[in-house]
Amino acid sequence: MQNIDPRSIIHAGSIRTFSTEHTQDAAAAASPRQGASSHGTRFDPWMSAYAQRADNLRESEIRALFAVASRPEVVSLAGGMPNIKDLPLRELAEGARKLIEQDGAQALQYGGGQGWEPFRESCCMVMAEEHIKADPADVVITTGSQQALDLVTQIFINPGDVILAESPSYVGALSVFTAYQAKVHHVPLDEHGLVPDALDDHIRHVRAQGGNIKFLYTCSGYHNPAGVPISLERRPQIVEICKRHHILILEDNPYGLLGFKGDIYPALYTFNPEGVIYLGTFSKIFAPGLRVGYAVAPPAIKAKLVLAAEAAILSPSMLAQMAIHHYLRDYDWKAQIEVYRAMYQERRDAMIEALQEYLPDCSYTVPEGGFYTWVGLPEGIDAKAMLPRAVTELVAYTSGTAFFSDGQGGDHMRLSFCYPPPEDIREGIRRLARVVDRERELVSMFGSRVIHQPDFSSNAPQPNLP
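Keep in mind that what you see is a predicted model, and the values were worked out from it rather than measured.

Moving on, we get to the overall build of the protein chain. Within the protein chain one finds 13 helices and 17 strands. Scored against the burial criterion, the 466 residues of the protein chain give a buried share of 53%.

With that settled, consider the side chain of Gln147. Residue placement: Gln147 occurs in helix α5 (residues 144–156). Excluding residues within four positions of it along the chain, Gln147 makes contact with Thr142, Ala312 and Ile313.

Let's shift gears to the sheet that holds strand β9 (residues 248–252). Strand order in the open sheet made by the eight strands is β4-β11-β10-β9-β8-β5-β6-β7, with mixed pairing throughout. Each edge of the sheet is formed by a strand with only one pairing partner; in this case those strands are β4 (139–142) and β7 (193–194). Where helix α9 (residues 299–313) meets the sheet, its contacts fall on β4, β9, β10 (276–281) and β11 (293–296), and the angle it forms with β4 comes to roughly 25°.

Across soluble globular proteins, nonpolar side chains show a tendency to be buried alongside one another. Membership of the largest hydrophobic core comes to 94 residues, with the highest contact counts inside it found for Met127, Leu199, Phe282, Tyr294 and Leu415. Looking at this core, the element that brings in the most residues is helix α11 (residues 333–358), giving 10 residues. Those residues within four positions of Met127 in sequence are excluded, and the remaining contacts are Ile132, Ala134, Val139, Tyr278, Tyr294 and Val296. With 27 residues, the next largest nonpolar core counts Leu174, Val176, Val184 and Ala295 among its residues.

This part is about the side chain of Thr281. Structurally, the position occupied by Thr281 is in strand β10. Judged by its relative accessible area of 7%, Thr281 falls in the buried class. Here Ser283 takes part through its backbone nitrogen, which lies 3.0 Å from a polar atom of the side chain of Thr281. Once residues lying within four places of it in the same chain are set aside, the contact partners of Thr281 are Ser145, Pro254, Val292, Gly293 and Tyr294.

Put simply, α11 and helix α13 (residues 422–446) touch, their axes get as near as 9 Å, and they point 25° apart. Taken as axis vectors, α11 and α13 run roughly parallel relative to one another. The interaxial crossing formed by α11 with α13 has right-handed handedness. Note on element contacts: α13 touches α11 through Pro422, Ile425, Arg426, Ile429, Arg430 and Ala433, opposite Glu346, Arg347, Ala350, Met351, Ala354, Leu355, Glu357 and Tyr358. For the contact of α11 with α13, a count of residues per class yields nine nonpolar, no polar and five charged.

Another aspect to go through is the packing of aromatic side chains. The description of an aromatic ring pair rests on the distance of the ring centres and on the angle between the ring planes. Taken as a whole and judged by the stated rule, the model has 15 aromatic pairs. Considering the side-chain rings of Tyr222 and Tyr265, the 6.2 Å spacing of their centres and the 70° angle between planes classify their relative orientation as edge-to-face. In this pair, Tyr222 sits in the loop between β8 (213–219) and α8 (234–244) while Tyr265 sits in the loop between β9 and β10, placing the two residues 43 residues apart along the sequence. Classification of Tyr222 by relative accessible area gives buried; the value is 2%. Ring plane angle 85° and centroid distance 5.8 Å describe the contact between Trp374 and Phe403, whose orientation is recorded as edge-to-face.

Attention now goes to the pattern of salt bridges. Applying the stated criterion to the full structure yields 20 salt bridges. A salt bridge links Glu129 to Lys334, with the shortest nitrogen-to-oxygen separation between them at 3.0 Å. Pair noted here: Glu129 is in the loop between α4 (117–127) and β4 and Lys334 is in helix α11, with a separation of 205 residues, a long-range link. Measuring nitrogen to oxygen at the nearest pair gives 2.7 Å for the salt bridge that ties Glu338 to Arg341. Here Arg341 and Glu338 lie together in helix α11, a separation of three residues that amounts to about one turn. Salt bridges sharing partners connect three or more residues here, namely Asp200, Arg204, Glu240 and Arg244.

Okay, helix α7 (residues 196–208) next. Its 13 residues place the ends of α7 18 Å apart at the C-alpha level, agreeing with the 18 Å of an ideal helix rising 1.5 Å per residue. Along its buried surface, α7 packs onto β5 (162–167), β6 (183–190), β7, β8 and α8. A positive backbone phi angle near 90° is found at Gly210, which sits one or two residues after α7.

The next point concerns the confidence of the model for the protein chain. Mean pLDDT for the protein chain: 88, with 85% of residues reaching 70 or above. Under a pLDDT of 50 for its full length, residues 4–37 has, in the predicted model, 54 contacts with residues more than four places off or in other chains. Under a pLDDT of 50 for its full length, residues 459–466 has, in the predicted model, 15 contacts with residues more than four places off or in other chains.

You can see Gln114 is positioned in the loop between α3 (89–107) and α4. By relative accessible area, Gln114 is classed as buried at 17%. Linking Gln114 and Val139, residues 25 residues apart in sequence, is a C-alpha distance of 7.5 Å. Among the polar contacts listed, one links the side chain of Gln114 to the backbone oxygen of Ala137, at a separation of 2.9 Å.

Conventions and cut-offs
- Within each chain, residues carry numbers counting from 1 in the order of the written sequence.
- Selection of residues for local features in this predicted model requires a pLDDT of at least 70, selection of side-chain atom pairs for listing and counting requires 80 or more, and totals for whole chains, interfaces and linings are taken over all residues.
- Remark: hydrogens and water are excluded; side-chain values derive from all non-hydrogen atoms of the structure.
- Put simply, DSSP H or I for four residues or longer makes a helix, DSSP E for two residues or longer makes a strand, and each gets a number counted from the N terminus.
- Three labels apply to residues, based on accessible area from a 1.4 Å probe with only protein chains included: buried if under 20% of the type maximum, exposed if over 50%, partly exposed otherwise in between.
- Pairs of residues are marked as contacts when any of their non-hydrogen atoms sit within 4.5 Å.
- Two strands form a pair only when DSSP identifies at least two bridges running between them.
- Fitted lines through C-alpha atoms serve as axes, helices being fitted only where they are in contact, and the angles separating the N-to-C directions of these axes extend from 0 to 180 degrees.
- We define a nonpolar core as any set of buried Ala, Val, Leu, Ile, Met, Phe, Trp, Tyr and Cys residues linked to one another through side-chain atoms lying within 4.5 Å.
- In protein, a polar contact means a hydrogen-donor-capable atom and an acceptor-capable atom, both N or O and within 3.5 Å, with residues adjacent in sequence counting only if both atoms are side-chain atoms; elsewhere, any N or O pair within 3.5 Å suffices.
- In these notes the angle categories are as follows: under 35 degrees is roughly parallel, over 145 is roughly antiparallel, 65 to 115 is roughly perpendicular, and the rest is oblique.
- Each crossing is labelled by how the near helix is turned from the far one, with a counterclockwise turn of less than a right angle marking it left-handed and a clockwise turn marking it right-handed.
- Amino acids outside the nonpolar list (Ala, Val, Leu, Ile, Met, Phe, Trp, Tyr, Cys, Pro) and the charged list (Asp, Glu, Lys, Arg) are all regarded as polar, and Gly is one of them.
- Each Phe, Tyr or Trp ring, with Trp reduced to its six-membered ring, pairs with another whose centre is within 6.5 Å; inter-plane angles below 30 degrees give stacked pairs, above 60 give edge-to-face pairs, and intermediate values give tilted ones.
- Here, a salt bridge means any side-chain nitrogen of Lys or Arg that lies within 4 Å of a carboxyl oxygen of Asp or Glu.
- By definition here, a helix of n residues has an expected span of 1.5 Å times n minus one.
- The score called pLDDT rates the predictor's confidence residue by residue, from a low of 0 to a high of 100.

Structure (structure tokens):
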């Protein structure tokens, strides 16, 4: 087994050991306009030239893990990479060849800023599976749904505005919100998803304090990181609360079609199309490397999204749009999703069984879809502090702190079961259990300052697995 230096830290996608010089320059970088010279610092000679909003850019804890987690000796339970090995790659290669031969002049050219109309129609066909009756005229094609998150935040958020988000919430969304200087208020969720009464209470509290709430952000399907969907009963309640308080909903639903039993919940959008912006992506049901997502919005909002998208990228990739359009037209994409569901369920089962065996003192959700389980650690263990020691043992996870904007989550971690095969998942949990056992000994000797997040996951024993 190859060891990794525990004195190193994960930074910018690589393992680096920091010296005193690095630390001093990093401290200067943390407050660039407080005494920075016109020549910047050794850490960054252009530090004094940045705009103030650049101070709000933060490195994702997940992205920082990628270089380490991708090493073959490390079992990565950290990233949310879909397993695309089961795609019909040979047939897709032939389809790509035909696309270039027959329509290459169009596929390799600029397109419209809103997206190619035939592809927008295809997106509406996919959304119909989630009971959404969308008009292609209201669809905006984006470079992944991550760009849609950025565009929506750009056109709505002024510095200091409030965004309501689930507790915990998707790390990529939090990064965008922070970059635009929003204040994020976390609203509790439980095993049935976002809690309507808590949402209503938070809205009243924030407004009583003078906060300007711009929208509610929710991952409505099989939640990232918690793994739970908003229940059927709660969906219209959440929409009604936001409608009554005149608050827009930003619904992000990358995992909605990946319920293991084929359960597809009606999108929040279906209950109030004029009050919801719906985000979808082909990254989880087809191929993330093509970087194609979409937003469906009321007409006035859609028009501003198109303008913002054109200013950012001129137009989305015609080649990527046409490739996915041909895939949806020429292949049985619904059968492919069934393959994904069965594969991810098998991996979910492997993870839950390993957690039961090796980490019986942890609590965890048992997701019925998606990619993740949300794991509560034994009392006093800090997931973020433990991570370098876990990497030394050749296993990686994502600390719960990545999914909060206020320092919570140190007593939780997100484990991803989507990419490693079942045998690697089991080995990864076994390695992780060794790390947790040692961490428990450290806590018993030195104590802990972990900030707790309310636990809604389940302890073993769990329901029987198929």
